[in-house]
Amino acid sequence: MRLWLPPVLLAVLLCGLSAGMPALEPLFHWVQPDKQQVIYERESFLFLLQNHLLLVLISAAVGTLVAVAGGIFATRPSGRDFLPLVSQVASIGQTFPPVAVLALAVPVLGFGEAPILVALMLYGLLPILRNTLAGLEGISPAVKEAARGMGMSPLQVLVRAELPLAGRVILAGIRTSVTINIATAAIGSTIGARTLGDPVIAGLVNGNTAYVLQGAILIGLLALATDSLFEALERTWDRRFSPQVAV
Amino acid sequence: MSVSRSESSQLMPNRVIPALGLLALALVWLLDVGTIQPNRIVPGTGHGLVSAVGWGGAALVTSTLAGSILLAFLNLRGRYLIQLALLGLSLALLPLLLDVFASRHLPEDSPFARSSIGAGFWCLLFFLFLMLIETLGRLGSRRGLELLLVVVIGGSWLIFLQSEGLESLSLVREFNARPAKFEQAFWTHLALAFGAVAISAVLAFGLALKMMRSPGWQRPILGLVSFLQTIPSLAVFGLLIAPLSALVAAFPVLETLGIRGIGWTPALLALVAYSLLPMVRNTFVALTEVPENLADAGRGMGMNERQLFFKLKLPLALPVIIEGVRITTIQAIGLTAVAALIGAGGFGSFIFQGLGQAAMDLVLLGALPTIALALLADAVFTMLAASLKPTPATA
C-alpha cells in the first residue's frame, strides 16, 4: 500500500491548502507587504479546484472513449485503410502548441467553459490515440493467432487478448494527456474558464505576487497529485498483468 | 523494393479519400465560408458557399471535390499522382475563394469593413490537407515531391496575401496595423525558444555524460527533470516571479543586466527547465544504446575511448539526439507563447491581447504563426535527422 501513499498525501495537502489558504495570510503579507489584500477571494479555492478537476476529468473521459474507439476502428480489417491517415494526424496534431489550439477555439466557439472543454478533448485525445495505435499494433500476430486458434471470436480476441495487452501503453497515453490538460486548463482562465489559473492571471494583471503564488502552488500540487496517482496505477497494472504477459 | 506493393495497392479503390471528400463537401455547403464585419469588434454577417462566391465558385469547389472522390474509385495507374496534382493545385488556389468573396461583398464606401474567414473555409482547408496527406502516404515518402508541394502551396499563399484582393481580410488588416510589432514578436519568439533549446542542449549533454560515467546519478537526474516537466507551465512561470524579484531586490546590480521578476528572465529559466527532460532522455538513450559489438570493433581497430566517443558513438547517436532537439523545440515554441503572460513578448502577446480585447483576428495573428513555426521546426528537424542517419556501407 506504500504505492498509494504519495497520491493520497498530495491530495490531502491540495485540499487542505485550498480550504485553509486564508490561515496563511501572515506568510503572504510577508511576501507582498505593500498590498492590503493578499488572499485571493473572488472565488473560493475549493470551487476553482473542483472546476479545474471537472474540466480535466470530462475531457479525459471523452478523449479516452473517442481515442480508444478510433484506435480500435483503425486496426480492424474494416478500418485498416484509415490507419496511415489516423496515425499521421495523431502525430502532426501533437505538433500544434496547446495554447494555440486553445486560442483557436475562441473564434469558433466563443468565450467560456465550452470552448476550453472542446479544445481539451480534441488535443487530449491525440496522445491517447497514438498510444492506442502503438499498443494494438505492437501485439505480436502470433498472440492473436493463438487466441483465434482457441476458438475466440474477433470480439473476444479484442476484449480478452488485445486490450489487456495494450492497456499499459494506453494508460501511459492517458497520463500524458491528463498532464497536458491540467496545464492547458490553467491557461484556460485567460478565456473565461474558472480554474486554478484565475488567481495567477489576476495576480499578474494587478501585480499581486501573493495571488500568483497561491494559484501556482495549487496548480503544481494538482499536477503532482495526479501524476503520482498515475504512477501508482501503472505500477499496480504492472503487478497484476505482467506475470501473465511474460509467458 | 516496395514498388510492386505500392503498385498493387494503387489499383484498389481508396475509401479514405471519398470519406474525407464527402465530409468536406457537406461542411463547406453547411457552414459559412466567410463573414463581413462592419468594423473590428462588431460581429459580422455570415455568408454560405453560394452567397459568398456565387454559383460559379460553388460549382468549381463542388466539382473539384467530386472529381477527387471519383478519382479514388478509378482503376487508373497513375491516379495518386493525378490526385496529388489536383489537391495541390486546389490548395494553392484556395485563397482565390477569399479574394472573390471580398470583392463580391465588401462595401466600397466603408474603410473599416473587413472580411473574415469562416468555419466552412477552415473545414475545406483542413480536409483538403488530410486528403493530401493520405495521397502522399499512398505514394510512399518522396522528399522531392513533398518539398515541391510546400514551395508551390506556400509560395502561392504568400503571393495571394500580398495582393490587393486580400487586403480587406481582417487577418491582413491586423498585420498591416502593426508590421513592426509583428517582426519584433517574431524575433523575440525565436530568440526565447531557440535560446532555451541551445542552453538546455548544452546542459543536457553534460548531464547525460555525467549519467554515463556514474550510473548512481541516473535516477536522481532523470527524476528531477521529469518532476520539472510535470509542473504546469503557468505554475512554473508564476513560481519564478517571487524569488527572482527578491533576488533582484537583494542584488540591484542584476537589474542593470536586464534581469527582472517578470519578462524574459523567468521565461527563459522556465523554458530551459522544461526542455531538459526530452533533451536529457534522448541524449542519454542515444549515447548508451550504441551497440556494444560496434564499440568492440572500434576498440579492435585501435581507437582509444576518446576517439571511440567522437568517431563512433556520437555520429551514431546523432539522429536520436536530433529527435530530442525536435521535440524540445516544438515544446519550447508553444511554451514561449504562454510566457507572454509574464511579459516575455513573442506571438503569445498577440494571442492574449486579442483575447483581452475580444479581437479574434488578433488572436489568429498570434496563434497561426505559432503553429506555423512549430510545424516548420518539426519538418526541418525531421529532415535533418533523416539525412544524418548513418547508412551502412555494406548492406
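Residues numbered from 1 in each chain as written. Chains lettered and ligands numbered in written order. Predicted model: local features only at pLDDT ≥ 70, side-chain atom pairs only at ≥ 80, totals over all residues. Heavy atoms only, no water.

## Concerning the overall build of chain A
Okay, step 1: Scanning chain A from terminus to terminus reveals 10 helices and zero strands.
Okay, step 2: Traced from its N-terminal end to its C-terminal end, chain A shows the element sequence α-α-α-α-α-α-α-α-α-α.
Okay, step 3: Projecting the C-alpha coordinates of chain A onto the three principal axes gives extents of approximately 75 × 45 × 20 Å.
Okay, step 4: A sequence separation of at least 24 residues applies to 77% of the contacts in chain A between residues at least 6 apart.
Okay, step 5: Roughly 11,500 Å² of accessible area belongs to chain A as shown, and the carbon and sulfur atoms make up 68% of that amount.
Okay, step 6: The averaged location of the 14 negative side-chain charges in chain A is 9 Å from the averaged location of its 15 positive side-chain charges. (Helix = DSSP H or I, 4+ residues; strand = E, 2+ residues; numbered from the N terminus. Contact = heavy atoms within 4.5 Å. Areas by Shrake-Rupley, 256 points an atom, 1.4 Å probe, with all protein chains shown as cover. Lys, Arg positive; Asp, Glu negative; His and termini not counted. Charge placed at Lys NZ, Arg CZ, Asp CG, Glu CD.)

## Topic: the overall build of chain B
Okay, step 1: Along chain B, the regular secondary structure elements total 17 helices and three strands.
Okay, step 2: Overall, chain B is about 75 × 65 × 30 Å in size when its C-alpha atoms are taken along their principal axes.
Okay, step 3: Within chain B, buried positions represent 47% of all 395 residues.
Okay, step 4: When the accessible area of chain B is evaluated, it comes to approximately 19,300 Å², of which 70% is carbon and sulfur surface.
Okay, step 5: If you average the places of the 24 positive and of the 19 negative side-chain charges in chain B, the two averages end up 10 Å apart. (Buried < 20%, exposed > 50% of the residue type's maximum accessible area, 1.4 Å probe, protein only.)

## Some words on the UniProt feature "domain: ABC transmembrane type-1" (unreviewed entry) in chain B
Okay, step 1: Per the UniProt record, "domain: ABC transmembrane type-1" (unreviewed entry) is annotated on residues 186-381 of chain B.
Okay, step 2: With 84% helix and 0% strand, residues 186-381 of chain B has end C-alpha atoms that lie 20 Å from one another. (UniProt positions renumbered as here; feature names shortened; annotations may be inferred.)

## What to know about the UniProt feature "transmembrane region" (unreviewed entry) in chain A
Residues and elements named next belong to chain A.
Okay, step 1: The sites that carry the UniProt feature "transmembrane region" (unreviewed entry) are, in the present numbering, residues 53-75, 96-126 and 211-230.
Okay, step 2: Between the end C-alpha atoms of residues 96-126 the distance is 11 Å, and the span holds 84% helix and 0% strand.
Okay, step 3: Helix makes up 100% of residues 211-230 and strand 0%, whereas the separation of the span's terminal C-alpha atoms amounts to 29 Å.

## Considering the nonpolar core
Soluble globular proteins tend to pack their nonpolar side chains together in the buried interior.
Okay, step 1: Counting 143 residues, the largest nonpolar core has L65(B), L94(B), L124(B) and L128(B) as the members making the most contacts within it.
Okay, step 2: Grouped together as the second largest cluster of nonpolar side chains are 32 residues, V197(B), I221(B), F350(B) and L364(B) included. (Core = buried A, V, L, I, M, F, W, Y, C linked by side-chain atoms within 4.5 Å.)

## Considering the interface of chain B and chain A
Okay, step 1: Each partner contributes to the interface: chain B provides 39 residues, whereas chain A provides 40 residues.
Okay, step 2: Taking both sides of the interface into account, the surface hidden between chain B and chain A amounts to around 3,300 Å²; carbon and sulfur atoms contribute 85%.
Okay, step 3: If you look at where chain B meets chain A, you find one salt bridge.
Okay, step 4: Across the salt bridge formed by R15(B) and D81(A), the nearest N and O atoms sit 3.0 Å from each other.
Okay, step 5: Across the contact surface, chain B and chain A share three residue pairs in polar contact (both at pLDDT 80 or more).
Okay, step 6: When residues of the side of chain B that touches chain A are traced back to their parent elements, those giving at least two are helix 2 (16-30), helix 6 (119-139), helix 10 (218-230), helix 11 (233-250), helix 15 (305-339), helix 16 (347-357) and helix 17 (360-388) of chain B. (Buried area = accessible area lost by both parts, 1.4 Å probe. Salt bridge = Lys/Arg side-chain N within 4 Å of Asp/Glu carboxyl O. Polar contact = N/O pair within 3.5 Å; in protein donor to acceptor, adjacent residues only side chain to side chain.)

## Comments concerning the sheet that holds strand 2 (residues 45-47) of chain B
Residues and elements named next belong to chain B.
Okay, step 1: Strands sit in the order 2-1-3 across an open sheet of three strands; the sheet is antiparallel. Each edge of the open sheet is held by one strand with a lone partner, namely strand 2 and strand 3 (114-117). Neighbour-to-neighbour, the strand axes of the sheet open up by a mean angle of 30 degrees, direction not taken into account.
Okay, step 2: Of the strand pairs in this sheet, strand 1 (residues 34-37) and strand 3 are connected by four bridges, and their pairing is antiparallel. (Pairing = 2+ DSSP bridges. Axes fitted to C-alpha atoms, helices over the stretch in contact; angles between N-to-C directions.)

## A look at the UniProt feature "domain: ABC transmembrane type-1" (unreviewed entry) in chain A
Okay, step 1: According to UniProt, the positions carrying the feature "domain: ABC transmembrane type-1" (unreviewed entry) are residues 49-230 of chain A.
Okay, step 2: Structurally, residues 49-230 of chain A comprises 82% helix and 0% strand, and the distance from its first C-alpha atom to its last is 19 Å.

## Here we look at the side chain of Q37(B)
All names here are of chain B.
Okay, step 1: Mapped onto the elements of the fold, Q37 is located in strand 1.
Okay, step 2: Residue Q37 is classed as buried on the basis of its relative accessible area of 9%.
Okay, step 3: Separated by 2.8 Å, the side chains of Q37 and S116 make a polar contact.
Okay, step 4: In this structure, Q37 is in contact with V42, P43, G44, F112, A113, R114, S116, S170 and D361, ignoring residues within four places of it in sequence.

## Digging into the environment of T179(A)
Okay, step 1: Locating T179(A) in the fold gives a position in helix 8 (residues 154-187).
Okay, step 2: Along the backbone, T179(A) and D34(A) are 145 residues apart, and their C-alpha atoms lie at a distance of 35 Å.

## A few points about the pairing of strand 1 of chain B
Residues and elements named next belong to chain B.
Okay, step 1: Neither face of strand 1 is left uncovered, since the one carrying G34 and I36 and the one carrying T35 and Q37 both have all their residues buried.
Okay, step 2: Note: strand 1 against strand 2, three bridges, orientation antiparallel. Within strand 2, the residue paired with G34 across the bridge is H47.

## Section: the packing of helix 4 (residues 79-93) of chain B against helix 5 (residues 95-105) of chain B
Residues and elements named next belong to chain B.
Okay, step 1: For the pair helix 4 and helix 5, the least separation of the axes is 5 Å and the interaxial angle reads 35 degrees. Packed against helix 4, whose contacting residues are L91, A92 and L93, the element helix 5 presents P95, L96 and L97 at the interface.
Okay, step 2: Grouping the amino acids of the contact of helix 4 with helix 5 by side-chain chemistry returns six nonpolar, no polar and no charged. (Nonpolar A, V, L, I, M, F, W, Y, C, P; charged D, E, K, R; others polar.)

## As for unusual backbone geometry
All names here are of chain B.
Okay, step 1: With a phi angle near 55 degrees, A358 is a residue other than glycine that sits in the positive phi range.
Okay, step 2: If you trace the backbone, A358 turns up in the loop between helix 16 and helix 17.
Okay, step 3: A relative accessible area of 36% means that A358 is categorised as partly exposed.

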